[in-house]
Amino acid sequence: MTIRTAARGRTAASAAAVCALAVALTACSGTTKNDAKNDGGGAAASSAKADPNAPLKKNLKMAFLPKQINNPYEKIVDDAGIAAAKSFHGTAKEVGPSDASASSQVSYINTLIQQQQDAILVAANDPNAVCGPLKQAMKQGIKVVSYDSDTAKDCRQIFINQASSEDIGRSLVQHIGKQIGYKGKIAILSATQNATNQNTWIDFMKQELKDPKYKNMKLVKVAYGDDDDQKSFQQTQGLLQAYPDLKGIISPTTVGIAAAARYLDDSSYKGKVVLNGLGTPNQMRKYVKDGTVEQFSLWNPENLGYLGAYAAAALASGQITGAQGDTFSAGKLGKFTVGKDGEVILGKPTVFDKTNIDQFHF
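Conventions used here
- Residues numbered from 1 in each chain as written.
- Predicted model: local features only at pLDDT ≥ 70, side-chain atom pairs only at ≥ 80, totals over all residues.
- Heavy atoms only, no water.
- Phe/Tyr/Trp six-rings, centres within 6.5 Å; stacked < 30°, edge-to-face > 60°.
- Lys NZ or Arg CZ within 6 Å of the ring centre and 35° of its normal.
- 1 Å grid on protein atoms, 1.4 Å probe; cavity = no way out; pocket = protein on both sides within 12 Å on 5 of 7 lines; lining within 4 Å.
- Points joined across faces, edges and corners; volume = space filled by probe spheres on them.
- Helix = DSSP H or I, 4+ residues; strand = E, 2+ residues; numbered from the N terminus.
- Disulfide = S-S within 2.5 Å.
- Buried < 20%, exposed > 50% of the residue type's maximum accessible area, 1.4 Å probe, protein only.
- Pairing = 2+ DSSP bridges.
- Right-handed = clockwise from strand over helix to strand, strands pointing away.
- Axes fitted to C-alpha atoms, helices over the stretch in contact; angles between N-to-C directions.
- Nonpolar A, V, L, I, M, F, W, Y, C, P; charged D, E, K, R; others polar.

Draft legend 1. The packing of aromatic side chains, seen in detail. For the structure on display, the rule yields 12 aromatic pairs. Put simply, the rings of Phe296, Phe352, Phe360 and Phe362 pair up and form one aromatic cluster. Lying over the aromatic face of Tyr306, Lys332 brings its terminal NZ or CZ to 4.7 Å of the ring centre.

So this is what it looks like as structure tokens:
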């Protein structure tokens, strides 16, 4: 098991603002791992009462469980969350599998339960595969926060959504539509077939494509690179071999878009096939500057991890239960309100291009 633990004394990582959420930890009456009453039903099932004025508990223990331990994007998220925990005198660590298969996270959750963590934060590879152990965690009073990629709603108390799923999905189609003049074949290069966030965004992409203005555009294929660099590279090659007249590729995954850009950059398709999607500035800077990619989008991943840590702390301290309307403070990011089904939205994504990419470094 790979574990990265941060010492309490480290300073919190700075996060460039795009939007974010944060929570202030507070001591709550009657909400401990021994006496918490939760039948495993997530936010809606919690019988506890929120106390927004409760003080933040100190010495909270929490763990981040990403899709993959070696995913560069998720390392940024988790490192920021680990640093944020220090700011409220807690400790956090990152644990996780090296692959993104549906069941790869289960054994880690079981171990974290045995360690009696105060909170588990998980970016789910599959919305249902992790539910059994997460429900067990909640029954034992461990707070569960999903981030980046959600679990089924009854398997956690809070979901930290990086942006509105509808905004993400529809905007990616809107961007590529403008770039290709609303005409031609497009493909999607996704992560894993079961990734909750990817599939939700793709559903909204397909809905957006039903608008009459896209009548001359056709989605020909959804390919899966499993958030693996080499496989995503090969899938890009396969798409272009299968559809030599392809006009554009949308890759809503940071691993996928970087691999696709690398392939296009050294191919005859450079400048002919539009690539758009979700990436980090540091990954994509070269490809934007050399003309392989005109633009891409993302929220600030540091803010996502920071917000997740504060949300978990607010739950563990009794400031919130995950019920709609609960509010909490997220440190430097300000105040957030829990929405329907326990969802907290970080904010709108930023579009990066030649005009602004050098302003961001993550």
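After presenting the structure, the write-up continues.
Draft legend 2. View of empty space enclosed by the protein. In the structure shown here, the tally under the stated rule is 2 cavities of 30 Å³ or more. Looking at the largest cavity, its volume works out to about 110 Å³. Residue lining of the largest cavity: 16 residues in total, with Tyr73, Gln198, Pro252, Thr253 and Thr254 positioned closest to the centre. Broken down by secondary-structure element, the contributors of at least two residues to the lining of the largest cavity are α2 (72–87), α6 (196–208) and α8 (254–265). Counting residues per element, the lining of the largest cavity draws most heavily on α6, at 3 residues.

Draft legend 3. Representation of the state of the cysteines within the structure. Counted according to the given criterion, the structure contains 1 disulfide. A sulfur-sulfur distance of 1.9 Å marks the disulfide that ties Cys131 to Cys155. Taking the torsion about the S-S bond as the criterion, the Cys131 to Cys155 disulfide, at about 100°, is right-handed. On the criterion of sequence distance, the pair formed by Cys131 in helix α4 (residues 131–139) and Cys155 in the loop between β5 (143–147) and β6 (158–161) is long-range, its members being 24 residues apart. Cys155 carries the same exposure label as Cys131, and that label is buried.

Draft legend 4. Geometry of the pairing of strand β3 (residues 91–96). Summarising burial for β3: 5 of the 6 residues are buried, a large majority. For strand β2 (residues 61–65) and β3, the ladder comprises 4 bridges, and the chain directions are parallel. Residue pairing for β3: Phe64 is matched across the bridge by Glu94. Between β2 and its parallel partner β3, the chain crosses via α2, and the hand of that crossover is right-handed.

Draft legend 5. Spotlight on the environment of Gly322. Tracing the backbone through its elements, the reader meets Gly322 in the loop between α10 (301–317) and β12 (327–329). The exposure class assigned to Gly322 is buried, which follows from its relative accessible area of 2%. For the pair Gly322 and Ala48, spaced 274 residues apart in sequence, the C-alpha to C-alpha distance is 9.8 Å.

Draft legend 6. Structural context of the sheet that holds strand β7 (residues 184–190). Ordered by their spatial adjacency, 4 strands build an open sheet running β8-β7-β9-β10, and the pairing between neighbours is parallel. Each of the sheet's edge strands pairs with one partner strand only, and the pair in question is β8 (217–224) and β10 (274–277). Between one strand and the next, the sheet's axes are offset by a mean angle of 20°, whatever the strand orientation. Across 4 bridges, strand β9 (residues 246–251) lies against β10 in parallel orientation. Counterpart to Ser251 in the pairing with β10 is Gly277.

Draft legend 7. Spatial organisation of the layout of surface pockets. The space that makes up the largest pocket amounts to roughly 330 Å³. In this structure, the largest pocket is lined by 17 residues; those nearest its centre are Asp150, Lys153, Phe159, Ser165 and Glu343. Of all elements in the fold, only β6 and α6 reach the threshold of two or more residues within the lining of the largest pocket. In terms of residues, the lining of the largest pocket owes the most to one element, α6, which gives 4 residues. Grouping the amino acids of the lining of the largest pocket by side-chain chemistry returns 3 nonpolar, 7 polar and 7 charged.

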